There are 2 protein chains.
Amino acid sequence: MRVEIWGDIACPWCYIGKARFAAGLAAFEHRDQVEVVHRSFELDPRAPKGETGPVLPMLAAKYGLTLDQARQAEQRVAAAAASEGLDYLADGRDHGNTFDLHRLLHFAREHGRQERLLDLAYRANFAEERSVYDRERQLELAVQAGLDREQAAAVLDDESAYAGAVRADEREAAELGATGVPFYVLDRRLGVSGGQPAEVFTDALRQAWAARTPLTVLAGDPAADACGPDGCAVPQP
Amino acid sequence: MRVEIWGDIACPWCYIGKARFAAGLAAFEHRDQVEVVHRSFELDPRAPKGETGPVLPMLAAKYGLTLDQARQAEQRVAAAAASEGLDYLADGRDHGNTFDLHRLLHFAREHGRQERLLDLAYRANFAEERSVYDRERQLELAVQAGLDREQAAAVLDDESAYAGAVRADEREAAELGATGVPFYVLDRRLGVSGGQPAEVFTDALRQAWAARTPLTVLAGDPAADACGPDGCAVPQP
């Protein structure tokens with residue numbers, strides 16, 4: 001079975017939902033037959049590139065809160081993170097454009113390092129003081145994830161690298177009806193929206209597993225060009 | 001959309017079918033939204049490891065043919081390959097156990113090099129004199145595919161590396177009802193058996209594309225922990 005997870009580095013519920021999904025998956029009987037792929041979704045695609053700012057004033061302006069109220073809201077999110085065993089600085093992170101991070105995650109996927117880079121990027125954004133929007137920081141994370149520094153730098157410096165892959169993910173999210181993240185898609189059959197409790201994920205995995213249907217195999221040429229345990233079809237003279 | 005292709009390096013119709021599928025895919029309108037994954041299938045899992053032999057006597061014994069008849073049969077397969085623009089030595093290759101090659105292909109997949117290694121392995125087996133069952137040859141192919149030689153050697157030398165992944169692919173093939181290869185699975189919905197003509201693949205891709213169904217999104221907590229363009233859910237005090 002295959003689970004695709006749309007999310008954004010800037011999304012606290014994606015960070016927290018990742019731990020909840022992991023717990024839900026751990027309780028699923030067929031967990032060793034589940035493949036997880038992470039897909040791109042930008043919460044704020046219009047955020048200007050190269051500009052960052054502290055998150056609290058942004059949240060205050062967005063929700064019409066005082067700075068203190070924004071901080072308290074973040075503290076409540078931090079408490080939700082803590083209950084999943086995750087560190088979360090309620091007054092630390094900044095916000096910015098995540099497109100480059102998504103491109104880097106696609107590069108990491110091609111090298112079998114997506115999961116590690118994503119974990120590192122979430123942690124860097126939500127639990128560490130340094131900005132995750134800084135190129136040097138992104139390269140450090142890439143190296144920590146096991147990627148080649150030169151190659152990762154080349155990806156970051158070429159704005160077109162993996163840009164199509166990010167856009168394709170975002171188009172697919174829209175086609176699937178996702179308006180927010182995290183958004184989980186199981187075997188392209190069942191969707192789960194939001195960082196739900198672990199049990200919801202376990203139930204969804206079981207439901208999608210039970211819903212697997214036998215393939216419709218196209219009726220082809222009966223003397224199809226194929227090989228089996230008893231040998232291969234051989235064209236007649 | 002996602003296409004999984006089960007095949008074996010020792011399978012001529014997988015080699016030829018790969019070119020036919022590529023042509024069918026090239027004619028498909030949404031080809032840039034198709035992801036292809038190659039999966040493992042051993043035609044002869046009981047072939048003793050480390051032993052190889054020329055293919056013609058094996059074919060002759062298997063089908064009750066004279067050596068000349070076996071050569072003629074291979075020449076007809078070679079003609080089918082030629083009509084797809086593929087080289088094929090009718091009297092060159094040997095046969096052996098392909099398990100290590102499958103393990104190596106899984107390693108290559110993790111590094112984004114599966115497609116290249118598979119193309120090189122097919123070509124090495126069917127169009128080149130040297131044996132593809134030779135460890136040194138396999139390492140050369142890995143390097144040619146862009147993989148790290150030391151890492152590839154470590155994979156080949158550790159019999160357990162990716163063995164589980166190969167077995168899992170084979171279990172899935174059986175669950176999906178595949179008794180031979182090549183076997184194509186489109187979105188886990190539609191199967192195509194055998195190296196069919198390109199048009200069959202184009203039709204199958206169109207059919208699977210049209211059959212995509214809207215997701216069932218699980219009704220979760222309406223105040224789900226999620227973020228959207230308008231912001232993130234915030235736990236109430």
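A brief look at the structure comes next. Only a predicted model underlies this, so the values are computations on that prediction, with no experimental measurement involved.

### Notes on the overall build of chain A
Thought 1: Within chain A one finds nine helices and nine strands.
Thought 2: Projected onto its principal axes, the C-alpha positions of chain A cover 80 × 40 × 30 Å.
Thought 3: In chain A, once contacts between residues fewer than 6 apart in sequence are set aside, the share between residues at least 24 apart is 72%.
Thought 4: Accessible area of chain A: about 10400 Å², with a carbon and sulfur share of 51%.

### Here we look at the sheet that holds strand E5 (residues 183–186) of chain A
Within a sheet, each strand pairs with its neighbour through backbone hydrogen bonds, oriented either parallel or antiparallel.
Thought 1: Strand order in the open sheet formed by five strands is E2(A)-E1(A)-E5(A)-E6(A)-E7(B), and the pairing between neighbours is mixed. A single partner strand is all that each edge strand has here, and the edge strands are strand E2 (35–40) of chain A together with strand E7 (216–217) of chain B.
Thought 2: Contacts from helix H5 (residues 114–127) of chain A reach strand E1 (2–7) and E2 of chain A, with the element oriented near 55 degrees to E2 of chain A.
Thought 3: Relative to the sheet, helix H9 (residues 198–210) of chain A contacts E1, E5 and strand E6 (190–193) of chain A, its axis offset from that of E6 of chain A by approximately 170 degrees.

### Some words on the interface of chain B and chain A
Thought 1: Across the contact, 61 residues belong to chain B and 61 residues belong to chain A.
Thought 2: Carbon and sulfur atoms supply 53% of the area that chain B and chain A bury against each other, a total of about 4800 Å² over both sides.
Thought 3: Run the count over chain B and chain A and you get ten salt bridges.
Thought 4: Between Arg 109 of chain A and Glu 35 of chain B there is a salt bridge, with its nearest N and O atoms 2.8 Å apart.
Thought 5: At the junction of chain B with chain A, the criterion picks out 24 residue pairs in polar contact (both at pLDDT 80 or more).

### Brief notes about the side chain of Thr 98 of chain A
Residue and element names in this part refer to chain A.
Thought 1: Summarising the element assignment, Thr 98 is placed in the loop between strand E4 (94–95) and helix H4 (99–110).
Thought 2: In terms of polar contacts, Thr 98 uses its side chain to reach the side chain of Asp 8, at 2.9 Å.
Thought 3: If we ignore the near neighbours within four places in the chain, the residues touching Thr 98 are Asp 8, Ile 9, Ala 10, Glu 42 and Tyr 133.

### What to know about the nonpolar core
Thought 1: Formed by 50 residues in total, the largest nonpolar core has its most connected members in Trp 6, Tyr 15, Ile 16, Leu 104 and Leu 117 of chain B.
Thought 2: Residue contributions to this core peak at eight residues, all from helix H5 (residues 114–127) of chain B.
Thought 3: The next biggest cluster of nonpolar side chains, apart from the first, holds 49 residues, and it includes Trp 6, Tyr 122 and Ala 178 of chain A together with Cys 227 of chain B.

### Brief notes about the packing of aromatic side chains
Thought 1: Going through the model one piece at a time under the given rule, you end up with 20 aromatic pairs over all chains.
Thought 2: For the pair Tyr 15 of chain B and Phe 126 of chain B, a centre-to-centre distance of 5.0 Å together with 15 degrees between the ring planes defines the contact as stacked. Residue Tyr 15 of chain B is found in helix H1 (residues 12–26), and its partner Phe 126 of chain B is found in helix H5; the two are separated by 111 residues along the sequence.
Thought 3: Of note, Arg 212 of chain A hangs over the ring of Trp 209 of chain A, and the distance from its end group to the ring centre comes to 3.6 Å.

The rules behind these values
Residues numbered from 1 in each chain as written. Chains lettered and ligands numbered in written order. Predicted model: local features only at pLDDT ≥ 70, side-chain atom pairs only at ≥ 80, totals over all residues. Heavy atoms only, no water. Helix = DSSP H or I, 4+ residues; strand = E, 2+ residues; numbered from the N terminus. Contact = heavy atoms within 4.5 Å. Areas by Shrake-Rupley, 256 points an atom, 1.4 Å probe, with all protein chains shown as cover. Pairing = 2+ DSSP bridges. Axes fitted to C-alpha atoms, helices over the stretch in contact; angles between N-to-C directions. Buried area = accessible area lost by both parts, 1.4 Å probe. Salt bridge = Lys/Arg side-chain N within 4 Å of Asp/Glu carboxyl O. Polar contact = N/O pair within 3.5 Å; in protein donor to acceptor, adjacent residues only side chain to side chain. Core = buried A, V, L, I, M, F, W, Y, C linked by side-chain atoms within 4.5 Å. Buried < 20%, exposed > 50% of the residue type's maximum accessible area, 1.4 Å probe, protein only. Phe/Tyr/Trp six-rings, centres within 6.5 Å; stacked < 30°, edge-to-face > 60°. Lys NZ or Arg CZ within 6 Å of the ring centre and 35° of its normal.

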